[in-house]
Amino acid sequence: MSQAEKASRFADLHQKGNPVVLYNIWDAGGAQALAKAGAPAVATGSWSMAAAHGYGDGEALPLDFFLNIVERICASVDVPVTVDFEGGYATEPAEVAQNARKMIRAGAIGINFEDRIVKGEGLHSIEAQAARIKAIKAAAADEGVPLFLNARTDLFLGTDPATHESSLAEAREREAAYAEAGADCFFIPGLTETALISRVVDAATLPVNVMMIGDLTSVKDVAALGVSRASFGPAPFIQFLADFKKAYAGVVS
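Figured I'd write up the structure that's included with this text. None of the values given here were measured: they were computed from a predicted structure.

Analysis parameters
Residues numbered from 1 in each chain as written. Predicted model: local features only at pLDDT ≥ 70, side-chain atom pairs only at ≥ 80, totals over all residues. Heavy atoms only, no water. Salt bridge = Lys/Arg side-chain N within 4 Å of Asp/Glu carboxyl O. Buried < 20%, exposed > 50% of the residue type's maximum accessible area, 1.4 Å probe, protein only. Helix = DSSP H or I, 4+ residues; strand = E, 2+ residues; numbered from the N terminus. Axes fitted to C-alpha atoms, helices over the stretch in contact; angles between N-to-C directions. Parallel < 35°, antiparallel > 145°, perpendicular 65-115°, else oblique. Contact = heavy atoms within 4.5 Å. Nonpolar A, V, L, I, M, F, W, Y, C, P; charged D, E, K, R; others polar. Lys, Arg positive; Asp, Glu negative; His and termini not counted. Polar contact = N/O pair within 3.5 Å; in protein donor to acceptor, adjacent residues only side chain to side chain.

## Topic: the pattern of salt bridges
Reasoning step 1: Taken as a whole, this structure holds ten salt bridges when the rule is applied.
Reasoning step 2: A salt bridge links Arg-116 to Glu-114; the shortest N-O distance between them is 3.0 Å.
Reasoning step 3: Classification of Arg-116 by relative accessible area gives partly exposed; the value is 25%.
Reasoning step 4: Note that Glu-165 is salt-bridged to Arg-199, the shortest N-O span being 2.9 Å. Within this pair, whereas Glu-165 is found in the loop between β5 (148–152) and α7 (168–181), its partner Arg-199 is found in helix α8 (residues 194–203), the two being separated by 34 residues in sequence.
Reasoning step 5: Connected through shared salt-bridge partners, Arg-101, Arg-105, Asp-142 and Glu-143 make up one network.

Take a look at the structure:
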């Protein structure tokens, strides 16, 4: 498949009530293992990729190094690869768009793109984030790749669950604006109350992505909520490290 064909195939995997499962990886070996296990696509996780190379999360992994890893992952498998792009390693739309071009040229067919102000406080305004999304999609069109942009909102991740219901109105506003700007999916990590997820899904025009954390333990259960994508974030890497340490303890005991 060409890169554009991979992007289109990846988009087709997002089916409401039959979510694509992305068990996030951090290197080419993980990508190959998942592809051999039958995964139709692979996704990186920013926290996992950074930690695997001795860096913290939040764009601490140098961009050039990041691109080298992405290029190696994409070259190692035939399935579509979507990349956790965090905040795009820039603020201004033109700069973010240029970095997105680099991701595409490294082989990525999709990105997660968050509205959190990386290395700052709070979220980008709805208007600012929509402009950033629009710039990325224009750059992708110029590259000839229908880049699948998963627009992540950080309204819920790391915030008090008691505030989540009151954040739904802003979530709906952000989803609508991001969709109009060209986003392909709406990511709501940290929202784990099923009734609230259902309300987001019902109001959204975009496919909805949830992160399998906290009370979200069953893909079958989140599928019943109508989500189109279930991803695991840093959980696979955390489990890998735990198993690795346990195996070491077993051979030295």
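So much for the structure itself; the text now carries on.
## Looking at the packing of helix α4 (residues 63–76) against helix α5 (residues 93–105)
Reasoning step 1: For the pair α4 and α5, interaxial distance at closest approach is 9 Å and the crossing angle is 30°. It follows from the interaxial angle that α4 and α5 lie roughly parallel. Here Leu-63, Phe-66, Leu-67 and Val-70 of α4 lie close against α5, whose contacting residues are Asn-99, Lys-102 and Met-103.
Reasoning step 2: For the contact of α4 with α5, the residue count by class is five nonpolar, one polar and one charged.

## Looking at the side chain of Asp-84
Reasoning step 1: Note on placement: Asp-84 falls in strand β3 (residues 81–84).
Reasoning step 2: There is no salt bridge for the buried Asp-84, and the closest opposite charge comes from Arg-152, which lies 4.7 Å off by N-O distance.
Reasoning step 3: In this structure the side chain of Asp-84 is engaged in a polar contact, spanning 3.1 Å, whose partner is the backbone nitrogen of Ser-46.
Reasoning step 4: When neighbours within four sequence positions are excluded, Asp-84 is seen to be in contact with Thr-44, Gly-45, Ser-46, Phe-66, Asn-112 and Glu-114.

Everything listed here is a matter of coordinates, which is why it stays silent on function.
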